[in-house]
Amino acid sequence: MSYKDTYQEWLANPYFDDETKAELKALEGNDKEIEDRFYKELEFGTAGLRGIIGAGTNRMNFYTVRKASQGLANYIIKMNGQEKGVAIAFDSRRMSPEFADAAALCLNANGIKAYVFESLRPTPELSFAVRTLGCIAGINITASHNPAEYNGYKVYWEDGAQITPPHDENIMAAVKSLDVTEAKTMDKEEAIQAGLYVQIGKEVDDQYIEALKKQVKNQDAIDAVQKDIKIVYTPLHGTGNIPARRILKELGFENVYVVKEQELPDGDFPTVGYPNPESEKAFELAVKLGNEVGADLLLATDPDADRLGVYVKGNEPGRYHVLTGNMSGSLLADYEISQMKEAGTLPEDGALIKTIVTTNLADDIAKYYNIDLIECLTGFKYIGQHILNMEQTGKGHYCFGFEESYGCLIGTHARDKDAIVATMALCEAAAYYKTKGMSLWDKMIEMYDKYGYWQDGIQSIELKGKEGIEKIANTLEKLRANVPTEIAGYKVLAARDYREDTIKNMETGEVTKTGLPTSNVLYYDLEDGAWVCVRPSGTEPKLKFYYGVKGTDFDDAKAKRAKLGQYMIDLVNGMLQ
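Residues numbered from 1 in each chain as written. Predicted model: local features only at pLDDT ≥ 70, side-chain atom pairs only at ≥ 80, totals over all residues. Heavy atoms only, no water.

Per the secondary structure count, the chain includes 19 helices and 23 strands. Its C-alpha atoms give the chain a radius of gyration of 24 Å, near enough to 25 Å, the size a compact globule of 577 residues would have. With respect to the three principal axes, the spread of C-alpha positions in the chain is 70 × 55 × 50 Å. Looking at the chain as a whole, 58% of its 577 residues are labelled buried. (Helix = DSSP H or I, 4+ residues; strand = E, 2+ residues; numbered from the N terminus. Rg over C-alpha atoms; globule rule 2.2 N^0.38 Å. Buried < 20%, exposed > 50% of the residue type's maximum accessible area, 1.4 Å probe, protein only.)

Structural data, given as structure tokens:
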């Protein structure tokens, strides 16, 4: 059917409720909007669903959520996992509680028990709950840091990580095979009476917090300076407020100041619009409060509290330095691993795991501590996959894992990035270094002096709608067809194509395999340790490119980074014409 036929079908079919039909009826005459809503189905990809809230096949609504849940239910039953149940969490976004119930009641109608959190919870706690409750799967209703008009639906498997092969492909196929009208549902009260809809809350919260406390390396340092460290925290209207404050209080930090304007959950994100801890605007109120109270560090978690933004006090009054995800991740990696070594608990077969678009500073840290450096595709689920493999094979021990997009995991209580444990660890590290007469910024500078002046960047070009998706695909094909031999004055040493599973040595022409799962990603190893990676965003209509350089000092590294970044912008924009 054409998009117009599908639009008319939704207007006529009694399966769709009156509210949905009224929303669609109001679009009559707006052909471009109708096309965008119906030209395709909202794709159930490897990360689940993510899209704009609204009526239509290409939108997040009760019907697309139920269809996804029916496909998941069918796969769970096929795997004989229905007796284990599914854990479900949701964040502060519009429609999140309603979509969580829609998912739960669809599972219930298929005879599968759903453990639903009583109110909003962080993503890492959902991952923890799947493992703690022995569930076959988990569902998290969240669109992470996307703008307010978005929501999403993430699926986890029994190891607590987001679905990976073969489960992701099988679940995608199960969802795709269904018509939206085939999804089952049932009355909530009947589901509760049948013991299929089970509410969870405090008991999981308490276990989660205890699991985090086990990751503390230096309680003595916290005890020594807990009255002196000043911390400003903002949950950006999301899920982090209660657990982040609770863990800091229970560890003994006495001076935690919360940004009041951003304290309460609000799916409209009125103070930020784009609730991303990478955004400078997201920190404006935290900086203001930090200057008022003289804070040592400013922390911001995104709406589902899996990503952490960090600002640290500099040596100049009123000056805060931004730590990118690469910087804060490297700082925590060095702290956690150094403390294991100092305590004599660093495993001989320890491993630091990072994604391919994460800073090469991680490589130098791993080399210094003589542990393995493992690279995986973008997406924390691949880090979780390595943790599971280590547990199953008995080979290797997870020490730390992080990605450039402000996410890391300390410990293995969860299998997704955890901004609550990262908040705890950053504050602990600040306390530890304060006992040594250092700030976190002093430590960051010390690391650059020790490992080298790595600077990394990321750029993105937003391309919305059907035309945008086509332009992104065409740009990547142009790069494949014309592999560059030089980028911004750097000689290309090797070209990796993760879709084709090839690594081409540009000097010898030799082609080897990447050894990683298939993904539409291009990566160029450049001389002098520099690199560039191009990929479509998995969650937003954007073409993203990442890059890294190593300089002789701060100024040299920043200049090289700026030059490489501008070159990539010009190159990609030229291809989009």
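Next comes the rest of the description.
Phe253, Leu297, Leu352, Leu440 and Met444 are the most contacted members of the largest nonpolar core, which totals 77 residues. At 13 residues, the largest contribution of residues to this core is made by helix H16 (residues 419-435). With near-sequence residues (within four places) excluded, Leu440 lies in contact with Leu297, Val312, Leu331, Leu426, Ala429, Ala430 and Tyr433. Membership of the second largest hydrophobic core comes to 35 residues, among which are Val86, Phe99, Ala100 and Ala114. (Core = buried A, V, L, I, M, F, W, Y, C linked by side-chain atoms within 4.5 Å. Contact = heavy atoms within 4.5 Å.)

Here we take up empty space enclosed by the protein. Summed over the entire model, instances satisfying the criterion amount to one cavity of 30 Å³ or more. Put simply, the largest cavity is a space of about 90 Å³. Taken together, 16 residues make up the lining of the largest cavity; nearest its centre are Leu308, Ser328, Tyr406, Gly407 and Cys408. Looking at the lining of the largest cavity, the elements with two or more residues in it are strand S10 (308-313), helix H13 (325-343), strand S15 (407-409) and H16. In the lining of the largest cavity, the residues fall into eight nonpolar, four polar and four charged. (1 Å grid on protein atoms, 1.4 Å probe; cavity = no way out; pocket = protein on both sides within 12 Å on 5 of 7 lines; lining within 4 Å. Points joined across faces, edges and corners; volume = space filled by probe spheres on them. Nonpolar A, V, L, I, M, F, W, Y, C, P; charged D, E, K, R; others polar.)

Let us now look at the layout of surface pockets. By volume, the second largest pocket is sized at about 770 Å³. In this structure, the second largest pocket is lined by 31 residues; those nearest its centre are Val322, Thr324, Met327, Asp456 and Arg561. Of all elements in the fold, only strand S11 (320-323), H13, helix H17 (440-451), strand S16 (453-462), strand S23 (542-551) and helix H19 (554-576) reach the threshold of two or more residues within the lining of the second largest pocket. Element by element, the count of residues in the lining of the second largest pocket is highest for S16, at six residues.

This paragraph deals with the packing of helix H4 (residues 62-78) against helix H7 (residues 167-176). It is at 8 Å that the axes of H4 and H7 come closest, and there the two elements cross at 120 degrees. As far as their axial angle goes, H7 and H4 are oblique. Viewed along their axes, H4 and H7 form a crossing whose handedness is right-handed. Across the interface between the two elements, Lys67, Ala68, Gly71, Leu72 and Tyr75 of H4 pack against His167, Asn170, Ile171, Ala174 and Val175 of H7. (Axes fitted to C-alpha atoms, helices over the stretch in contact; angles between N-to-C directions. Parallel < 35°, antiparallel > 145°, perpendicular 65-115°, else oblique. Left-handed = near helix turned anticlockwise from the far one by under 90°.)

What follows covers the sheet that holds strand S12 (residues 350-355). Spatially, the four strands line up as an open sheet ordered S13-S12-S14-S15, and their pairing is mixed. Only two strands of the sheet have a single partner each, and these edge strands are strand S13 (372-376) and S15. In this sheet, adjacent strand axes meet at a mean angle of 20 degrees when their direction is disregarded. As paired strands, strand S14 (residues 397-403) and S15 are joined by three bridges and run antiparallel to one another. Paired with Phe402 across the strands is Cys408, a residue of S15. Those strands touched by H13 are S12, S14 and S15, and its axis lies near 165 degrees from that of S14. Together, S12, S13, S14 and S15 form the strand contacts of helix H15 (residues 380-393), whose direction differs from that of S14 by roughly 175 degrees. (Pairing = 2+ DSSP bridges.)

Moving on, we come to the packing of H13 against H17. Contact geometry for H13 and H17: axes closest at 11 Å, N-to-C directions at 85 degrees. Compared by their axis directions, H13 and H17 come out roughly perpendicular. Contact residues: H13 offers Met327, Ser330, Leu331 and Asp334, while H17 offers Leu440, Trp441, Lys443, Met444, Met447, Tyr448 and Tyr451. Among the residues making up the contact of H13 with H17, the classes are represented as eight nonpolar, one polar and two charged.

With mixed pairing, five strands are arranged side by side in an open sheet as S8-S7-S9-S10-S11. Every interior strand has two partners, whereas the edge strands, strand S8 (255-258) and S11, have only one. Between one strand axis and the next, the sheet turns through 20 degrees on average, direction left out of account. Where strand S9 (residues 297-301) meets S10, five bridges bridge the pair, whose relative direction is antiparallel. Of the residues in S10, the one forming a bridge with Ala300 is Gly309. Across the sheet, H16 is in contact with strand S7 (230-234), S9 and S10; its angle to S9 comes to roughly 175 degrees.

With that out of the way, let us pick up the pattern of salt bridges. Going through the model one piece at a time under the given rule, you end up with 44 salt bridges. Put simply, Lys417 and Glu403 hold a salt bridge, and the shortest N to O gap is 3.2 Å. Here Glu403 lies in strand S14 and Lys417 lies in the loop between S15 and H16, a separation of 14 residues in the sequence. What makes Lys417 buried here is its relative accessible area of 9%. For Glu403, a relative accessible area of 3% corresponds to the buried category. (Salt bridge = Lys/Arg side-chain N within 4 Å of Asp/Glu carboxyl O.)

This paragraph deals with helix H6 (residues 123-132). Extensive coverage of H6 is indicated by the burial of eight of its 10 residues. Within H6, burial applies to Thr123, Pro124, Glu125, Leu126, Ser127, Phe128, Ala129 and Val130. Here the buried face of H6 lies against strand S2 (86-90), strand S3 (114-117), strand S4 (137-141), strand S5 (150-157) and helix H9 (202-213). Looking one or two residues past H6, Gly134 carries a phi angle of roughly 70 degrees, positive in sign.

Evaluation of the coordinates by the stated rule reveals zero disulfides. In this model Cys399 remains outside any disulfide bridge; the closest cysteine sulfur is found in Cys408, 14 Å from its own. Cysteine Cys427 is unpaired, with the sulfur of Cys408 as its nearest cysteine sulfur at 12 Å. Given the relative accessible area of 0%, Cys427 is considered buried. (Disulfide = S-S within 2.5 Å.)

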